[in-house]
Every structure is written in C-alpha cells, then in structure tokens.
Amino acid sequence: MDVTRQLTQLMIDRNTVEINKIVDKDFTLTHITGYVQSKEEWFSEIETERMKYYSYSEVKTSVEIIGNKAVFIGQNILDARIWGTRNKWHLQQRMELEMRNGNWIILKSVATTF
C-alpha cells in the first residue's frame, strides 16, 4: 500500500526522479483509453505538465501478495489535467509489483474507470 500511495503523491509532486526509484525500468502505464505508455513518455508528460496531477482521494484499496509478487487494486478520485482535459477522474488502478532487495517495485499499472 505504501509504495502505491507514494507513487500517487510523487505524481502530484512532479517528482520523476523519485518515481523512477519505485518503478521498473520497463514500467508501462495503460490509460483508460487503452493506450499503453512507456515510462519515458509518461515522465516527459509529467515534466511538461501535459499530465498534471493535483490531488487524490482514496476510495477503496486491496492488495494480494503471493511470495515476492503483489497485485494492488486501488480506486481513487484523481483530480488531474490529462492532455488538456481537467476532471476528477474515478480511476481504478491495477498495479503489479515485485519485491526486489527488500523493496516493492511497480512493474506496470493499468487504469480503468469505476
């Protein structure tokens, strides 16, 4: 839970340096449109504020851990401007994580609406 909350706060803070420490080198973000975005492209969008995150409100979360793998499902109301459209998005994020050297690393995130 902590690392997924940390990710969301770092998105709001526009801190891609710290985000890079908690996501895999091959991390992808799948948007509600189905578009799969590479980490590098996503970071560029955050840095240029084409994707600007303002705040979030947690609605519901769950985590299933099996060995060194985990699946997080979180529902948030995310206040964000994405490619020119600002909204309070009702997003469900499904994140796959892996434990590496005592730290959870986010492998990928898939967003849908709820």
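In what follows, the accompanying structure is described. The model shown is predicted, which means the values in this text are computed figures rather than measured ones.

1. Concerning the overall build of the protein chain
So, step 1. What the protein chain contains, in helices and strands, is three helices and six strands.
So, step 2. For the protein chain, whose C-alpha radius of gyration is 13 Å, the value lies close to the compact-globule estimate of 13 Å for 114 residues.
So, step 3. A burial count over the protein chain gives 39% of its 114 residues as buried.
So, step 4. Look at the contacts in the protein chain between residues 6 or more apart in sequence, and 46% of them connect residues 24 or more apart.
So, step 5. For the protein chain, the accessible surface area stands at approximately 6,400 Å², while carbon and sulfur atoms represent 50% of it.
So, step 6. If you average the places of the 15 positive and of the 15 negative side-chain charges in the protein chain, the two averages end up 3 Å apart.

2. Focus: the pairing of strand S5 (residues 85–100)
So, step 1. Here 14 bridges tie strand S4 (residues 69–82) to S5, and the two strands are oriented antiparallel to one another. Opposite Gln75, over in S5, you have Gln92 as the bridge partner.
So, step 2. As defined by bridge partners, S5 adjoins strand S6 (residues 103–113) across 10 bridges and the pair is classed as antiparallel. Pairing of Met99 across the sheet is with Trp104, part of S6.

3. So, the sheet that holds S6
So, step 1. Spatially, the six strands line up as an open sheet ordered S2-S1-S6-S5-S4-S3, and their pairing is mixed. Looking at the sheet topology across the chains shown, the edges are occupied by strand S2 (36–38) and strand S3 (51–66). Each strand of the sheet is rotated relative to its neighbour by a mean of 20 degrees, with strand direction disregarded.

4. A few points about the pairing of S3
So, step 1. As paired elements, S3 and S4 share 14 bridges and run antiparallel to each other. Looking across to S4, one finds that Lys52 is bridged to Arg81.
So, step 2. Adjacent in sequence and paired antiparallel, S3 and S4 are bridged by two residues, among which Gly67 carries a positive phi angle near 65 degrees.

5. Here's the deal with the nonpolar core
So, step 1. If you look at the biggest cluster of nonpolar residues, it comprises 25 residues, and the most contacted ones within it are Leu7, Ile19, Val23, Trp42, Tyr53, Leu97 and Ile106.
So, step 2. At the level of secondary structure, the elements contributing two or more residues to this core comprise helix H1 (2–13), helix H2 (16–22), strand S1 (23–30), helix H3 (39–47), S3, S4 and S5.
So, step 3. Leaving out residues up to four positions away in the same chain, Leu7 has contacts with Ile19, Ile22, Val23, Trp42, Met95 and Ile106.

6. Describing a nonpolar patch on the surface
So, step 1. Taken together, Met1, Val63 and Ile65 make up a surface patch of nonpolar side chains, about 240 Å² in accessible area.
So, step 2. By the element assignment, Met1 lies in the segment before H1.
So, step 3. Under the relative-accessibility criterion, Met1 is labelled partly exposed at 35%.

7. Notes on H3
Spacing of three or four residues puts side chains on the same side of an α-helix, whose turn is 3.6 residues.
So, step 1. Taken residue by residue, H3 has Lys39, Trp42, Phe43, Glu45 and Ile46 as its buried positions. Down the axis, H3 shows its buried residues gathered within 160 degrees of arc, on one side only.

Rules of the game
- What you see as residue numbers is a count from 1 along each chain, following the sequence as written.
- Local features in this predicted model are restricted to residues whose pLDDT is 70 or higher, and side-chain atom pairs enter the listing and the counts only when it is 80 or higher, whereas totals over whole chains, interfaces and linings include all residues.
- Only hydrogens and water are set aside when side-chain values are computed; all heavy atoms of the structure are taken into account.
- Counting from the N terminus, the helices are the DSSP runs of H or I reaching at least four residues and the strands are the DSSP runs of E reaching at least two.
- Here the radius of gyration uses the C-alpha set of atoms, whereas the globule reference equals 2.2 Å times the residue count to the power 0.38.
- For the exposure calls, accessible area comes from a 1.4 Å probe over protein chains only, and a residue counts as buried if that area is under 20% of its type's maximum, exposed if over 50%, partly exposed in between.
- Throughout, a contact is declared for two residues whenever any of their heavy atoms are within 4.5 Å.
- Calculation of accessible area relied on Shrake-Rupley with a 1.4 Å probe; when residues are assessed, cover is drawn exclusively from the protein chains displayed.
- Positive charges come from Lys and Arg, negative ones from Asp and Glu, while His and the chain ends are left out of the count.
- Just so you know, the charge point we use is NZ for Lys, CZ for Arg, CG for Asp and CD for Glu.
- A pair of strands is labelled paired if DSSP reports no fewer than 2 bridges between them.
- Helix axes are fitted to C-alpha atoms over the stretch in contact, other axes to C-alpha atoms as well, and angles between N-to-C directions run from 0 to 180 degrees.
- As used here, the term nonpolar core means buried Ala, Val, Leu, Ile, Met, Phe, Trp, Tyr and Cys residues forming a set that is joined through side-chain atoms within 4.5 Å.
- Like charges within 9 Å and nonpolar side chains (Val, Leu, Ile, Met, Phe, Trp, Tyr) within 5 Å are joined into patches, using only residues over 30% in relative accessible area that form no salt bridge.
- Salt-bridge detection follows one rule: a side-chain nitrogen of Lys or Arg within 4 Å of a carboxyl oxygen of Asp or Glu.
- The directions from the helix axis to the C-beta atoms are what the arc is built from.

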